[in-house]
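# Examining the three-dimensional arrangement
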Amino acid sequence: TYKLAVAGGGSTYTPGIIRSLMDRLEDLPLSEIRFYDIDGERQSKVVVAAKAVIAEYTDTIQVVETTDPKTAFEDVDFVFAQMRVGKYAMRELDEKIPLSHNVVGQETCGPGGLAYGLRTIFPMVELVDYVDQYAKKNAWIVNYSNPASIVAEGVRKLRPHARIINICDMPVATMRNMAAILGVNREDLVVDYFGLNHFGWFTKVEVDGVDRLPELREHVYQHGLLTEDVSKIDYRHADSSWIKTFKNIKLIMDHFPEYLPNPYLQYYLFPDYIVQTSNKEYTRANEVMDGREKTLFETVRKYEETGILEDAFAVGVHGTFIVDVTISLAQNLGRRYLVMVENNGTIPNLPADAMIEVPALITSSGPIPEHVGEIPYFYKAMIDQQLASEKILVEAITEGSYIKALQAFTLNKTIPSAKVAKSVLDDLIKANKDYWPTL
Ligand code: G6P
Ligand code: MN
């Protein structure tokens, strides 16, 4: 049996991830789950729900709730990381400050993502160090923390030997939608994919050895990455802003009919359109605070009052995927998933030290990427520019360099000019004074 810690236990995702773990106890038997968060008060509320979920399945798992890193990580086998530095209050600023300059306001893409990256790299490195210090020698961190691309680059650079696997649920969520469109199970899809996190393309979508990508592209071109019956889409991505995001992919197909894009590419390819159709006063952070956040805390309040857990915390791809990857790691199954790895020749015409997102076999010694080969110039050029922005950002934080931060912002494709880059950066510096190191 294993001991597992959840870092960022206070996340609204925690109960869903716990249900996913409980559903899979046969494949990943657990003796202990430790919840760790720097905000003990918030965490203790979420843990009420998490414990209620665990109690539905078993009473043999010891549950620990702590704000102390040693208590959290001592002797654990796995750490699920899902930190959100600055919580939703800062996400709101990541989204609204760029929008006030007519630039895309999104938590992982554009200046909002860069700002979030500057908040997250050092806390993530600190977490890696705690795990190194306290956990079992062969422990793995399975990391969902955003902005995943920048976090992956920061950890690669600052802690190159860390046993961490960086993952994102967007590729698998995209596959869920594809499967719904094709009327097959997600597990039946075999895909080829290349890119950076939130910046990649599906190049093949096979079902029973037949490439269904042409058919999918035709559907997406007409209806977006959606089925008529939206209930087939995971509850997690069924909010109106997600429906809009999946619809917008029509626009990408109209211009780039070659592959099928990660939905996040719309922010880089159509930033002007995205800004025009965004509400500058009410962004995704508001939607989440008024929706997911409120519902969870309301559920906990009622549960404490009545003993009835109203929300069942459905699992969805987000919860399933992290557990799938962990089972493959634990049992050395070599299952094939889209994850982030260091390039090292997987895509020979991208830098060897790029953190790319590609299919990899997940073994107990880590992900083994499948060879992808050279990619066409257009995609390489786009990726190179985004990679440069992200790599220079990591240099900016490690060197405390304002000039490099400005270079990173200027290179980001969502930002129209160096002048705009500077105004947005300067506003974000003020807003992040409690979080960013001095630049
Ligand atoms: C997707 C992405 C995650 C992102 C999340 C945001 O699942 O892959 O990187 O964090 O969406 O979802 P939210 O519901 O918080 O806007
Ligand atoms: Mn993601």
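Quick note: structure is the one above.
The sections below set out a description of the structure shown in this document. Note that the structure is predicted; figures quoted are calculated from it, not measured.

### Looking at the coordination of the manganese ion (ligand 2)
Bound to the manganese ion (ligand 2) are the protein donor atoms Cys168 (SG) and His198 (NE2), situated 2.2 to 2.4 Å from the metal. Taken together, the residues span a long stretch of sequence, with Cys168 in the loop between strand E6 (164-166) and helix H7 (170-182) and His198 in the loop between strand E7 (189-196) and strand E8 (199-207) at a distance of 30 residues. Residues Cys168 and His198 agree in their burial class; the two are buried.

### Digging into the packing of helix H1 (residues 14-23) against helix H2 (residues 40-57)
Put simply, H1 and H2 touch, their axes get as near as 9 Å, and they point 20° apart. One way to sum up the angle between H1 and H2 is to call them roughly parallel. As for the relative orientation of H1 and H2, their crossing is right-handed in sense. Contacts from Thr14, Pro15, Ile18, Arg19, Met22 and Asp23 in H1 reach Val46, Ala49, Ala50, Val53, Ile54, Glu56 and Tyr57 in H2. Along the lines of polarity and charge, the residues of the contact of H1 with H2 split into nine nonpolar, one polar and three charged.

### A closer look at H7
With 13 residues, H7 should reach 18 Å at 1.5 Å per residue; the first-to-last C-alpha distance of 18 Å fits that figure. Judged by how many residues are buried, H7 sits mostly within the fold: 13 of 13 residues are covered. After H7 finishes, the residue Gly183 shows a positive phi value of roughly 70°.

### Here's the deal with the packing of aromatic side chains
This structure, assessed with the given rule, holds 16 aromatic pairs. With centroids separated by 5.9 Å and ring planes inclined at 90°, the aromatic side chains of Phe194 and Tyr259 adopt a geometry described as edge-to-face. In this pair, Phe194 sits in strand E7 while Tyr259 sits in the loop between helix H10 (249-255) and strand E10 (260-261), placing the two residues 65 residues apart along the sequence. Residues Phe194 and Tyr259 agree in their burial class; the two are buried. On the numbers, 5.7 Å between centres and 35° between planes, the contact of Trp242 with Phe246 is tilted. Here the residue Trp242 and the residue Phe246 both occupy positions in helix H9 (residues 240-247), the gap between them amounting to four residues, near one helical turn. For the pair Trp242 and Phe246, one class covers both residues: buried. The rings of Phe194, Trp201, Phe256, Tyr259, Phe378 and Tyr379 are connected pair by pair, giving a single aromatic cluster. Sitting over the ring of Phe297, Lys45 keeps its end group 5.6 Å from the ring centre.

What counts and what doesn't
Residues numbered from 1 in each chain as written. Chains lettered and ligands numbered in written order. Predicted model: local features only at pLDDT ≥ 70, side-chain atom pairs only at ≥ 80, totals over all residues. Heavy atoms only, no water. Donors = N, O, S within 2.8 Å, 3.2 Å for Na, K, Ca; no water. Helix = DSSP H or I, 4+ residues; strand = E, 2+ residues; numbered from the N terminus. Buried < 20%, exposed > 50% of the residue type's maximum accessible area, 1.4 Å probe, protein only. Axes fitted to C-alpha atoms, helices over the stretch in contact; angles between N-to-C directions. Parallel < 35°, antiparallel > 145°, perpendicular 65-115°, else oblique. Left-handed = near helix turned anticlockwise from the far one by under 90°. Contact = heavy atoms within 4.5 Å. Nonpolar A, V, L, I, M, F, W, Y, C, P; charged D, E, K, R; others polar. Expected span 1.5 Å × (residues − 1). Phe/Tyr/Trp six-rings, centres within 6.5 Å; stacked < 30°, edge-to-face > 60°. Lys NZ or Arg CZ within 6 Å of the ring centre and 35° of its normal.

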